[in-house]
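Chain and residue survey
Here's the letter readout for the chains.
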Amino acid sequence: MITFKYLITSALPYGSNIPHLGNIIGSVLPADVYSRFLKLDGKECKYVCGTDSNGTPIEVEATKHKVEPSEWVEKKHKEIKKLFDELNLDFDVYSRTDNKNHAEKTIEIYNKLKENGYIYRKDIEILYCPKCEKSLPDRYVKGKCPKCGAEGAKGDQCDECGKLFDSPKELIDYYCSSCKSRPKKKKSEHVFFKLSELEEEIKELLERKREKWPKTTIKITENLLKEGLRDKDISRNLKWGIEIPDKPGQVFYVWIDAPIGYISFSKEIGIEEWWKDEDTKLIQFMGKDNVPFHTVYFPAILKGTREGYVEPERVKSCEFLNYGGGQFSKSNKVGVFLDDAMELYPSDYWRYALIKMYPGKRDREFTWKEFRKMINHDLNDVVGNFVHRTLTFTEKFFESKVPEPDLMERDKEILKAIDETEKKLRDTLGQKMEFNKSIDMVIDLARKTNKYITDEEPWKNKERQKEVTYTSLQVTKALSIYLEPFIPETADKIKKFLGINPEKLEQAKERLEPGHKIKGYEPLFEKIRKKEADKYEEKFKEKNNEKEVEEMKKIPFDQFKELEIKTGKIKNVEKIEKSDNLYKITIDIGKEERTAVAGLKNYYSQEELKDKEVAVVTNLEPAKIMGVKSEAMVLAAVDNEKVSLLKTDKKMKPGTPVE
RNA sequence: UGCGGGGUGGAGCAGUGGUAGCUCGUUGGGCUCAUAACCCAAAGGUCGCCAGUUCGAGUCUGGCCCCCGCUACCA
């Protein structure tokens, strides 16, 4: 019989900040539950993970805090590791991608790809910020969205209207997001990976795994393949990252090196060869946004080495857990983060609630109300109280010893339910990875037994005391085992109460011997009061607002002076074809006339605008918007619903400077 | 724009052709061993809308309306 090796990975937490609840339930927690379950079932299983320590956001975050990226990552990595420890995530290795071992592995794989002809170079045009002295990835360029006119649209996509940009240069008045100055265009030679040549192999991979991967994973991958795979730019003009050996000054794109972390971390614990062992089952956990990297890019890279790496057996992706009507956001700090969480409640509270909320099928919302309900009702009332009453019976009726029963049909039914729960667990958790359902099965066992106790009334029916106590104790023991993958601290507590130390899933079927003495007990959980939950709801709402204020950046006066603002008189207004909101406006600014493209159509009619005297920025770099060259920018007060042009309150000559 | 997911009693969800279910909440009752807990019962749904297939549809088909997500660096 083949003994499979189970290699569990979860998407690497990104080291720019502390993960939030969404990050936890998306990857590290389900992977932990799963690997704990496999280990409990006696499988050979390793869970590898680590901090993704490279890339721009970390560099940006470090700069913001005036430290070196290495220092920043060092700090965050330690914090994250400590928090994960508190959450009882049972990694076999939790490393990081900014160590030597990882860099070597990445370079080794890159060299293999190069040997096999999958690497080439090409010139591309990038944006470079002279002030920050660095090139800007799309997301770090901001500007006004040419479609909806929203300010602060990111270079890859406008958050307001969803418009996608091929290049951040499509933005009106684009600027560097960190220093607000105007980036310059620059040519740069980049390294490309011939992903297109591996398209067929990836398609074959998908076909092979069609039965095994979950539906969402398949869909996302199919979608990607439908559009056809394009070669991938794998280099970045950054300092912080793994330097490309034959391309000094450039580092690997983080998504190239990050998944390689799974391999390099495995190496650290001496199981690198699992990656080329056909008996290895690679099981990967991640949020849905990470799927392409695990079903397409990473497998393509591994295939490109021609070294027989294993394919992912299962790629479990999860939908998003949202907060306050939107997504949790690392960059905007919306929602509850792991450090907040661990300060407030015990690890098992979070583990339980998050698993229950596991967004397997659709996005879900984290609410404090629901959190409180889950803890108070499921954990406290059902599990906690069940264990407590069972142990009380044992103490009161039988001097803390397991009684010798004379089992009736009803008792046997409950005992049978213990064994059935194991089967259900294997199915819902082991096979189907339905996290929320699987923990429900376990809680149900306690629920069912609670009902049985109430029906049998052992406090009244003295002749039934033995059987009911015996049976409830067996259930309690089973719970201490079944709960372990989900809420290990609680499971351990119950084991201590009972004075046992089972380590395998099958042991749930072995009964506690009559005469066995229990060690003692205390309440397992404490309820969350309504006031408390309400307070936190308020608190984490406020947090948002603070953040917005923080984002307001001060600029030196000199920078302001660089802007040339003048009064101008609108001469002519034309609609721009195919545009929802744009006008082409001709403005008299004194010595000359300028053309401006402005998003005003939804707010002003052509007639209203004509002959208006307005404030105009006249020294912006011209930008082409919807095919029209815009050489000036009309200033206006902008709200979500209203837009009001700025104009002088006395009559001024067109072209008068504004200071 | 394209793609995906979803719309089931007050809330959160399960349910892929055969009497509409679970947890919470509400109301009433039981019990009093236990952490004001536990147990029972009731009320509450024309399963988003329309048309079709079928002996029979929440479940299949077509159209429509809403919500949400993804669209290649937020799990």
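Before going into details, it helps to say that this report is about the structure given with it. (Residues numbered from 1 in each chain as written. Chains lettered and ligands numbered in written order. Predicted model: local features only at pLDDT ≥ 70, side-chain atom pairs only at ≥ 80, totals over all residues. Heavy atoms only, no water.)

The next point concerns the nonpolar core. By size, the foremost hydrophobic cluster in this structure holds 146 residues, and its most contacted members are Phe193, Trp275, Trp350, Phe366, Trp368, Phe371 and Tyr482. Residues in contact with Tyr482, not counting those within four places in the same chain, are Ile418, Asp419, Thr421, Glu422, Leu425, Val442, Leu445, Leu505 and Ala508. Counting residues in hydrophobic clusters, the runner-up holds 15 residues, among them Ala596, Leu609, Ala632 and Leu645. (Core = buried A, V, L, I, M, F, W, Y, C linked by side-chain atoms within 4.5 Å. Buried < 20%, exposed > 50% of the residue type's maximum accessible area, 1.4 Å probe, protein only. Contact = heavy atoms within 4.5 Å.)

If you walk across this open sheet you meet the five strands as β3-β2-β1-β13-β14, and the pairing is parallel. Every interior strand has two partners, whereas the edge strands, β3 (93-96) and β14 (312-318), have only one. Neighbour-to-neighbour, the strand axes of this sheet turn through a mean angle of 20°, independent of strand direction. Pairing analysis gives six bridges linking strand β13 (residues 280-287) to β14, with the strands arranged parallel. Residue Met286 lies in a different strand from β14, and its bridge partner there is Ser317. (Pairing = 2+ DSSP bridges. Helix = DSSP H or I, 4+ residues; strand = E, 2+ residues; numbered from the N terminus. Axes fitted to C-alpha atoms, helices over the stretch in contact; angles between N-to-C directions.)

Before going further, it helps to spend a moment on a positive patch on the surface. On the surface, a cluster of positive charge is contributed by Lys215, Lys219, Lys226, Lys361 and Arg362. Residue placement: Lys215 occurs in helix α6 (residues 215-226). The class for Lys215 is exposed, based on a relative accessible area of 68%. (Patch = residues over 30% accessible without salt bridge, like charges linked within 9 Å, V, L, I, M, F, W, Y side chains within 5 Å. Areas by Shrake-Rupley, 256 points an atom, 1.4 Å probe, with all protein chains shown as cover. Salt bridge = Lys/Arg side-chain N within 4 Å of Asp/Glu carboxyl O. Lys, Arg positive; Asp, Glu negative; His and termini not counted. Charge placed at Lys NZ, Arg CZ, Asp CG, Glu CD.)

Residues in contact with RNA strand B amount to 56 residues; listed here are only the nearest, Gly287, Asn290, Tyr297, His377 and Asn385. At the protein interface, 73% of the atoms of RNA strand B within 4 Å belong to sugar or phosphate. Contact distances for RNA strand B include 3.1 Å between a base nitrogen and a side-chain N or O atom of Asn23. Contacts to RNA strand B include Thr454, whose side-chain N or O atom sits 2.5 Å from a sugar or linking oxygen. Secondary-structure elements contributing two or more residues to the surface near RNA strand B are α1 (21-40), α6, β13, α8 (291-304), α11 (368-398) and α13 (435-456). Here the surface near RNA strand B takes twelve residues from α11, the largest share from any one element. Residues of the surface near RNA strand B, tallied by class, amount to 13 nonpolar, 18 polar and 25 charged. (Near = heavy atom within 4 Å. Polar contact = N/O pair within 3.5 Å; in protein donor to acceptor, adjacent residues only side chain to side chain. Nonpolar A, V, L, I, M, F, W, Y, C, P; charged D, E, K, R; others polar.)

Quick look at the packing of aromatic side chains now. When we look at a pair of aromatic rings, we describe it by the centre distance and by the angle of the planes. Taken as a whole and assessed by the stated rule, the structure comprises 29 aromatic pairs. Relative to Phe285, the ring of Tyr34 has its centre 5.7 Å away and its plane inclined at 55°; by these criteria the two rings are tilted. Linking Tyr34 in helix α1 with Phe285 in strand β13, this pair joins segments that are 251 residues apart in sequence. Centre to centre, the rings of Tyr110 and Phe252 are 5.1 Å apart; their planes meet at 70°, and the pair counts as edge-to-face. On the criterion of sequence distance, the pair formed by Tyr110 in helix α4 (residues 100-115) and Phe252 in strand β12 (residues 251-252) is long-range, its members being 142 residues apart. According to the relative accessible area criterion, Phe252 is buried, its value standing at 3%. Members of the aromatic cluster, joined through ring pairs, are Tyr323, Tyr345, Tyr349, Trp350, Phe366, Trp368, Phe371, Phe525 and Tyr536. Above the face of the Phe192 ring, Lys122 is positioned so that its terminal group lies 4.8 Å from the ring centre. (Phe/Tyr/Trp six-rings, centres within 6.5 Å; stacked < 30°, edge-to-face > 60°. Lys NZ or Arg CZ within 6 Å of the ring centre and 35° of its normal.)

All right, on to the side chain of Arg351 then. Along the chain, Arg351 falls in helix α10 (residues 347-356). For Arg351, a relative accessible area of 0% puts it in the buried group. Side-chain polar atoms of Arg351 contact the backbone oxygen of Asn88, separated by 2.9 Å. Those residues within four positions of Arg351 in sequence are excluded, and the remaining contacts are Leu29, Asp32, Val33, Arg36, Leu87, Asn88, Leu89, Pro485, Phe486, Ile487 and Pro488.

A separate point is the pattern of salt bridges. Applying the stated criterion to the full structure yields 54 salt bridges. When the shortest N-O distance is used, the salt bridge between Arg208 and Glu311 registers 2.5 Å. Of the two residues, Arg208 is situated in helix α5 (residues 199-209) and Glu311 in the loop between α8 and β14; the sequence distance between them amounts to 103 residues. Overall, the relative accessible area of 47% leaves Arg208 in the partly exposed class. Between Arg426 and Glu422 there is a salt bridge, and its shortest N-O distance comes to 2.8 Å. Of this pair, Arg426 and Glu422 both sit in helix α12 (residues 409-431), separated by four residues, roughly a single helical turn. Three or more residues joined by partner-sharing salt bridges are found here, namely Arg410, Asp411, Lys451, Asp455, Glu456, Arg464 and Glu467.

Although it is not a glycine, Asn88 adopts a positive phi angle of roughly 60°. With a phi close to 45°, Glu457 is a non-glycine residue in the positive phi region. Within the secondary structure layout, Glu457 lies in the loop between α13 and α14 (465-482). For Glu457, a relative accessible area of 26% corresponds to the partly exposed category.

Orientation of α10 relative to α11, taken along the N-to-C sense of each, is 110°, at an axis distance of 10 Å. As judged from the angle between their axes, α10 and α11 are roughly perpendicular. Residues Asp348, Tyr349, Trp350, Tyr352, Ala353 and Lys356 of α10 lie in contact with α11, whose contacting residues are Trp368, Phe371, Met374, Ile375, Asp378 and Leu379. Partitioning the contact of α10 with α11 into residue classes produces nine nonpolar, no polar and three charged. (Parallel < 35°, antiparallel > 145°, perpendicular 65-115°, else oblique.)

Turning our attention to the packing of α4 against helix α7 (residues 254-268). Packing of α4 against α7 leaves a shortest axis separation of 9 Å and a crossing angle of 120°. As the angle between them shows, α4 and α7 are arranged oblique. The two elements α4 and α7 cross, and the hand of that crossing is right-handed. Along the contact surface, α4 presents Asn101, His102, Lys105, Thr106 and Ile109, while α7 presents Asp257, Ile260, Gly261, Ile263, Ser264, Lys267 and Glu268. Looking at the contact of α4 with α7, its residues break down into three nonpolar, five polar and four charged. (Left-handed = near helix turned anticlockwise from the far one by under 90°.)

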